[in-house]
Amino acid sequence: VCSAPMLSDRRFLIVALMAACGALAPIALQIVVPVLPYMRADLGTSIADTQWTVTGFSAALGISMLVIGPLADRYGRRPLLIGGMLLFTAGSLLAWLAPDLNWLVAGRIVQAIGAGAASTIGRVVAADLFAGADLGKVFAYMTMAMVIGPMVAPVLAGLMADQWGWRSILLLLLLLGAAFTLLTISRVPETGSAEERPADASWTEALAGGRLFFYLATLTATQIGIYALISASPYIVVELLGHSATEYGLYFVVLTLGFLGGNFLSTRIAHRLGPDRTIVLGLLVFAGAWAALAWSLSRPEWSAWALFAPGTVLGGCNGLIQPNCHAAAMNGAGAAKGTAASLSGFTQVMAGATGLQLMAWLQPGQVDPGAMVRVIGWSAAAAVIMAILFLLRANTRKAATV
């Protein structure tokens, strides 16, 4: 952890800027979704082809997250962070000026590579400045800041597209990228230590002793269930229950508020309980929330609240689990913080994609709430197993110190 007095005084400002840069990834992903029909009509493409502006972005984001961390361990944080922000800005410019869909998708991919770098290195910079339970608290605050942007982005996108056209959204991303690039260059120093940089690939150090396995497995288990809920809920609410898309949007805000509430609770209790106990608490309540969801949807008649009340608790559990998994993974990585950040970030992205795809496979023709309950149930069972393993691991470590 960097202890230079000047850097210590500025570290909260630096982390706030890292949270803003990290928020560019989810904002850039979500903000184009409401304007996909406008893009398709203007560029004269099919729905499937236009979807590549989202799919291509997601794939490039995951790959960027996986690759950038080891590079940050070897070459330092600042040059790669600035490079990522420059790429995001260049990709936004290319997408804004794109004459056709191919150039638009190319710009979105460049955007995603830069956003993935900024998101991953932002966590590494935070881990350079904070450690232990403090890092979990910082990650919780960073996650809260990063969630607010995607909450607002779809609404803002609709307003801007109706007023100035869909390209205005890409111009907004360009301006944000340019502003954050200038702030990064002027305000963020190199936080990594040159003496700690590994001469060789740092994957072995990051995975040493299998410690990281607990956190990657936990992220995988819970994110699959959370994204199954996100994927299935609009179809259940709109097609099965007959509510409007606007009503679904309001219900979804409640889910997001649950996630924010879990992150806020984590900032209050993680310092006292420690990251592992906070994760165990989240895992056990996650299983209980699934049981409540399964019961509420098994009744003959139920409303949207039968889905969203326990769903909000699931989101709150995710707020307890996710930031502490990221923090604990990096706390134990030694000089391989970047590699640990890449592994945990990539795991989260791929687990979410798995949850989305599972729902597509399990209900290809018609809406089936039972399919969602089953997938979340698999996550809940895995959550209980992981909680038991965490507790056994803690008891083993306690016995070894006696």
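Asker: How should the confidence of the model for the chain be read in this particular structure?
Answerer: Confidence along the chain averages 85 in pLDDT terms, with 91% of residues attaining 70 or more. The secondary-structure element of the chain with the lowest mean pLDDT is helix α9 (residues 203-206), recorded at 55, while helix α5 (residues 77-97) shows the highest, at 96. In the predicted structure, residues 1-7 sits below a pLDDT of 50 and forms 13 contacts with residues beyond four places in sequence or in another chain.

Asker: What am I meant to see in the packing of aromatic side chains here?
Answerer: Where two aromatic rings form a pair, the distance of their centres and the angle of their planes describe that pair. Enumeration according to the criterion identifies six aromatic pairs in this entry. Judged by centre distance (5.4 Å) and plane angle (55°), the ring pair of Phe214 and Phe390 falls under tilted. Of the two residues, Phe214 is situated in helix α10 (residues 211-240) and Phe390 in helix α15 (residues 369-401); the sequence distance between them amounts to 176 residues. Residue classification places Phe214 among the buried positions, given a relative accessible area of 15%. Aromatic rings pair up to connect Phe213, Phe214, Tyr215 and Phe390 into one cluster. Sitting over the ring of Trp295, Arg299 keeps its end group 5.0 Å from the ring centre. Here Arg393 stacks its cationic end above the ring of Phe214, 4.8 Å away from the centre of that ring.

Asker: When you look at the environment of Pro323 in this model, what are you seeing that I'm missing?
Answerer: In this structure, Pro323 sits in helix α13 (residues 304-331). Along the backbone, Pro323 and Ala16 are 307 residues apart, and their C-alpha atoms lie at a distance of 16 Å.

Asker: Can you walk me through the nonpolar core in this structure?
Answerer: Here is a general trend for soluble globular proteins: nonpolar side chains tend to be buried in one another's company. Counting 63 residues, the largest nonpolar core has Met18, Ile31, Val35, Leu104 and Met142 as the members making the most contacts within it. A per-element tally of this core places helix α6 (residues 101-129) first, with 13 residues. Once residues lying within four places of it in the same chain are set aside, the contact partners of Ile31 are Ala153, Ala157, Ile169, Leu172 and Leu173. In this structure, Ala217, Tyr248, Leu255 and Leu293 belong to the second largest nonpolar core, which totals 49 residues.

Criteria and thresholds
- Residues numbered from 1 in each chain as written.
- Predicted model: local features only at pLDDT ≥ 70, side-chain atom pairs only at ≥ 80, totals over all residues.
- Heavy atoms only, no water.
- pLDDT = per-residue confidence, 0-100.
- Helix = DSSP H or I, 4+ residues; strand = E, 2+ residues; numbered from the N terminus.
- Contact = heavy atoms within 4.5 Å.
- Phe/Tyr/Trp six-rings, centres within 6.5 Å; stacked < 30°, edge-to-face > 60°.
- Buried < 20%, exposed > 50% of the residue type's maximum accessible area, 1.4 Å probe, protein only.
- Lys NZ or Arg CZ within 6 Å of the ring centre and 35° of its normal.
- Core = buried A, V, L, I, M, F, W, Y, C linked by side-chain atoms within 4.5 Å.

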